[in-house]
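Per-entry structural report
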There are 2 protein chains.
Amino acid sequence: MHADQPVRNGRAKRLPREVRERQIMDAAVDVFSRLGFHAASMDEISEVAGISKPMLYAYLGSKEELFATCIRRESNRMIEAIATGVEADQPPDVQLWSGLRAFFGFVGENRASWQVLHRQASSQGGPFAAELADMRGRAIALVATLLVHSADSQDVPRAGDKEAESLAAALVGAGESLADWWLDNPAEPAGVVAARLMNLVWMGFGDLVAGNVWHPPSRRS
Amino acid sequence: MHADQPVRNGRAKRLPREVRERQIMDAAVDVFSRLGFHAASMDEISEVAGISKPMLYAYLGSKEELFATCIRRESNRMIEAIATGVEADQPPDVQLWSGLRAFFGFVGENRASWQVLHRQASSQGGPFAAELADMRGRAIALVATLLVHSADSQDVPRAGDKEAESLAAALVGAGESLADWWLDNPAEPAGVVAARLMNLVWMGFGDLVAGNVWHPPSRRS
DNA sequence: CGGTAAGACTACTGGCGAGTAGGTTAGGCG
DNA sequence: CGCCTAACCTACTCGCCAGTAGTCTTACCG
């Protein structure tokens with residue numbers, strides 16, 4: 001799980017600033033994800049990063065700045081992973097399906113990132129919540145747009161934007177929480193978990209208990 | 001929101017232990033919910049409670065014990081509120097609907113409790129997470145049972161228990177996250193938010209975008 | 001109208017962790 | 001080869017906060 005920074009015994013090899021900053025950020029994400037913002041100490045982060053504390057301050061500023069930087073970096077990585085996985089010219093259900101797969105794929109391969117983003121950042125108040133709300137807002141807006149278009153393509157009177165937005169919030173929330181659950185019950189592959197959520201939100205319990213399931217249009221079965 | 005403990009100027013009136021403990025717990029929930037576990041100080045809690053710090057320690061033990069006690073008390077209150085709202089002899093969708101209404105009703109009237117339970121407790125590791133996992137587990141089990149019965153009552157080959165459990169987890173998660181969203185967007189009454197989630201999980205987006213909605217059997221329209 | 005124990009307080013310690021002052025090496029460039 | 005600067009370090013300060021020692025006070029019981 002942790003990249004093993006060979007335990008510091010003496011002075012660290014000299015490195016260009018850019019490389020060190022990456023090392024430090026990686027260490028910070030690791031430590032923050034394991035201990036949480038408050039319990040994480042700058043001493044421990046510097047140790048994991050393989051350098052001394054003043055370097056930390058010289059490069060990334062205060063503890064709060066460091067944390068905010070982590071959040072920004074990880075949330076960008078995640079948004080990008082999802083955006084890459086979705087093709088805009090597909091029908092709504094397929095877009096949703098691709099998005100979910102990309103999301104669970106990312107979480108599965110970046111558990112530390114997810115811990116920092118979801119569990120830690122959202123429980124500290126202050127500027128961090130804003131950072132997070134931003135990412136979350138982008139995701140919600142994306143889903144809401146999907147829903148509105150999807151309703152437009154049918155001959156149905158469109159529900160209010162507000163309604164679409166809160167449904168989108170529920171879906172995003174369901175995804176977040178299912179991801180948390182998955183981390184505690186990691187027996188199954190990402191695709192299976194994604195498929196479950198897809199069925200839940202697209203078909204609903206009403207259909208599921210009646211035996212109707214959703215499946216990707218290209219497959220049969 | 002805060003019960004106004006008239007600002008301590010002198011010595012507090014003498015009170016029986018039981019009453020003081022309640023006051024202290026109320027204060028603790030309030031402070032923990034506003035500041036989080038780490039940022040909350042025992043000094044502040046004692047001040048809000050209207051007593052001095054040694055009393056806090058005399059009655060509720062260490063900070064961690066106090067926090068754990070808060071979680072237990074609030075989670076019991078919540079489980080009870082939901083259990084009271086659901087009647088076991090109703091059809092599955094009605095049971096689900098009652099449960100959701102009770103849940104959002106509770107959150108709306110006990111925002112501090114919810115903050116402590118969901119946001120704070122889940123982000124501290126250690127014994128707290130276990131406490132929480134217990135409550136969450138009870139909720140998930142309840143929903144899972146509902147789903148399984150509901151499938152049984154149709155003529156459908158039952159899906160695996162594992163599948164039902166993860167769907168239940170997704171639903172519980174959706175509820176939690178929608179509750180969070182609601183706290184940040186408190187414009188609407190609890191019933192409306194509950195109805196949204198009910199529609200999402202029972203009908204699914206697939207039906208919703210086609211204009212089909214779920215409504216309680218007793219009403220029309 | 002004492003005596004006493006539970007209720008309450010003031011005022012401290014001890015440790016941890018954020019942030020810093022000031023000194024030490026190593027690589028690069030003339 | 002020497003010097004200069006960026007990278008790096010050791011070793012502190014200082015404030016905050018969990019937890020405690022020791023004292024006072026008031027309600028109640030006889």
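All figures in this text were calculated on a predicted structure; none of them were measured in a lab.

**Topic: the packing of aromatic side chains**
Residues and elements named next belong to chain A. Under the counting rule described, the total for this entry stands at 18 aromatic pairs over all chains. The interplanar angle of 40 degrees and the centroid separation of 4.8 Å between the aromatic rings of phenylalanine 37 and phenylalanine 67 together place this pair among those described as tilted. Taken together, the residues phenylalanine 37 in the loop between helix H1 (17–35) and helix H2 (42–49) and phenylalanine 67 in helix H4 (residues 63–85) connect sequence positions 30 residues apart. With respect to class, phenylalanine 37 is no different from phenylalanine 67; both count as buried. An angle of 90 degrees between the planes, with centres 4.8 Å apart, marks the rings of phenylalanine 67 and phenylalanine 128 as edge-to-face. In this pair, phenylalanine 67 is assigned in helix H4 and phenylalanine 128 in helix H7 (residues 126–153), connecting sequence segments 61 residues apart. You'll find phenylalanine 67 and phenylalanine 128 in the same group, each marked buried. A cation over an aromatic ring shows up here: arginine 111 above the ring of tryptophan 182, its NZ or CZ 5.6 Å from the ring centre.

**Regarding helix H5 (residues 92–109) of chain A**
With 18 residues, H5 of chain A extends 26 Å between its outermost C-alpha atoms, agreeing within 8% with the 26 Å of an ideal straight helix rising 1.5 Å per residue. Of all the 18 residues making up H5 of chain A, 13 are buried; the element is thus mostly covered by neighbouring parts of the structure.

**Considerations on the pattern of salt bridges**
Residues and elements named next belong to chain A. Applying the stated rule across the entire model yields 23 salt bridges over all chains. With its nearest N and O atoms 3.6 Å apart, the salt bridge here joins aspartate 43 to lysine 53. Of this pair, aspartate 43 sits in helix H2 while lysine 53 sits in helix H3 (residues 53–60); the two residues are ten residues apart in sequence, bridging distant segments of the chain. Residue class for aspartate 43 comes out partly exposed when judged on its relative accessible area of 45%. Taken together, the shared-partner salt bridges in this structure form one network comprising Asp26, Arg73, Glu74 and Arg77.

The rules behind each value
Chains are numbered independently. Their residues run from 1 in the order of the written sequence. As they are written, the chains are lettered A onward and the ligands numbered 1 onward, keeping that order. Note on the predicted model: pLDDT of at least 70 is required for a residue's local features to be given, and 80 or more for side-chain atom pairs to be given and counted; whole-chain, interface and lining totals, by contrast, use all residues. Excluded from the side-chain calculations are hydrogens and water; all other atoms, namely the structure's heavy atoms, are used. Whether two aromatic rings pair depends on their centres lying within 6.5 Å, for rings of Phe, Tyr and Trp, where Trp uses its six-membered ring; planes under 30 degrees apart make the pair stacked, over 60 edge-to-face, and the rest tilted. Secondary structure elements follow DSSP: runs of H or I no shorter than four residues count as helices, runs of E no shorter than two count as strands, and numbering proceeds from the N terminus. Each residue is assigned to one of three classes by its accessible area relative to the maximum for its type, calculated with a 1.4 Å probe on protein chains only: buried under 20%, partly exposed between the two thresholds, exposed over 50%. Note on geometry: a ring has a charge over it if NZ (lysine) or CZ (arginine) is within 6 Å of the ring centre and within 35 degrees of the ring normal. Here the expected span of a helix is defined as 1.5 Å times the quantity of residues minus one. The salt bridge criterion pairs a side-chain nitrogen of Lys or Arg with a carboxyl oxygen of Asp or Glu, the two atoms within 4 Å.

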